[in-house]
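# An overview of the molecular structure
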Amino acid sequence: MNETSPIRAQFHYQGIIAINLKEGPAHKRFIKCLDDIASNNLKEGFSLEQKYPTTADLRPNAYEYDESVLDVLFEADVPTLLRGLLGQEMYLSVAQIRQSYHTGEEEQNSYMSWHRDVHWYQGEKQSGNIPPVYKLIFYPNITGEEQSCLHFCMGSHLRVSADKQFDYKQITEDTVVTVVNSNIGYTLINTSAFHHAIPPKSKSGQLRVIYSFCLESQLDGEPEHSKLHEMYKVKLKEYNENLHK
């Protein structure tokens, strides 16, 4: 049996890992698109529509906005990274581009406060995907202002309690890490861990690109994104073939 790689062990125990994008042609085009979206200079046929009280999502579909939205993943060897971390092929189920707005309030509420995407508390129905979805999130630094974007409770995906109050007590200062915006760094998380979206402090808001990865057998849970699934599979097949040339 091969020894577990340090990066795989880190991700298994912490549930979060930071990786840098490759600054190639797809990345350059991707950043330009995100700059336009953040400035509300959108391509014809696209719009930012309210999702939560302080956010808006790119519609109709983020993956149709520009080919770089998917190509940047392959340029950065994300499929290889996921196989190395999880030991199997993962498939893109959802791709979102979301603008989070600053409301002007000094203490702005998060559109998504501390939560697990997967949980099952006493007296409640089971919620979320099992096995969990893995999210790769990119918080571009469009304006040059550094912003905190995400709090994440390390290892909480391995420390699960059916007692909701007891479960939340593990979110303490020494278990939480903070992700900041960057034009080259992205973050992969296990969504069954506790995480918290931080409201932007900048008046310009904060853009975020969210890719959700799952097993192929779980794609049926997102039938409205079937076109994305097929597009990703075609690109993945080409990517894998090029790896073995």
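Source: prediction; values computed, not measured.

## Focus on the overall build of the protein
Across its full length, the protein carries 6 helices and 10 strands. Rg of the C-alpha trace for the protein: 18 Å, near the compact-globule value of 18 Å for 245 residues, within the 12% margin. Viewed in the frame of its principal axes, the protein has a C-alpha envelope of about 55 × 50 × 35 Å. Every one of the 245 residues in the protein was classed for burial, and the buried ones make up 47%. Partitioning the intrachain contacts of the protein with sequence separation of at least 6 by distance along the chain shows that 81% fall at a separation of at least 24. If the 24 positive side-chain charges of the protein are averaged to one point and the 32 negative ones to another, these points end up 2 Å apart.

## Side note on the confidence of the model for the protein
Summarising the model, the protein shows a mean pLDDT of 94, and 97% of its residues fall at 70 or more. When pLDDT is averaged over each element of the protein, strand S5 (residues 134–138) comes out on top at 98 and strand S1 (residues 16–20) at the bottom at 94.

The rules behind these values
All residue numbers refer to position in the chain's written sequence, counted from 1. Confidence filtering applies because this is a predicted model: local features only for residues at pLDDT of at least 70, side-chain atom pairs given and counted only at 80 or more, and all residues used for totals across whole chains, interfaces and linings. With hydrogens and water excluded, all non-hydrogen atoms of the structure serve as input to the side-chain values. Helix numbering and strand numbering both begin at the N terminus, where a helix is a DSSP run of H or I of at least 4 residues and a strand a DSSP run of E of at least 2. Radius of gyration means the value over C-alpha atoms here, while the globule rule gives 2.2 Å times the residue count to the 0.38 power. Relative accessible area decides the class of each residue, using a 1.4 Å probe on protein chains only: under 20% of the type maximum gives buried, over 50% gives exposed, and in between gives partly exposed. Only heavy atoms matter for contacts: two residues are in contact if any of them lie within 4.5 Å across the pair. Residues counted as positive are Lys and Arg, residues counted as negative are Asp and Glu, and His and the chain ends are not counted. Working definition for charges: the position is that of NZ of Lys, CZ of Arg, CG of Asp or CD of Glu. Think of pLDDT as the predictor's per-residue confidence, scored from 0 to 100.

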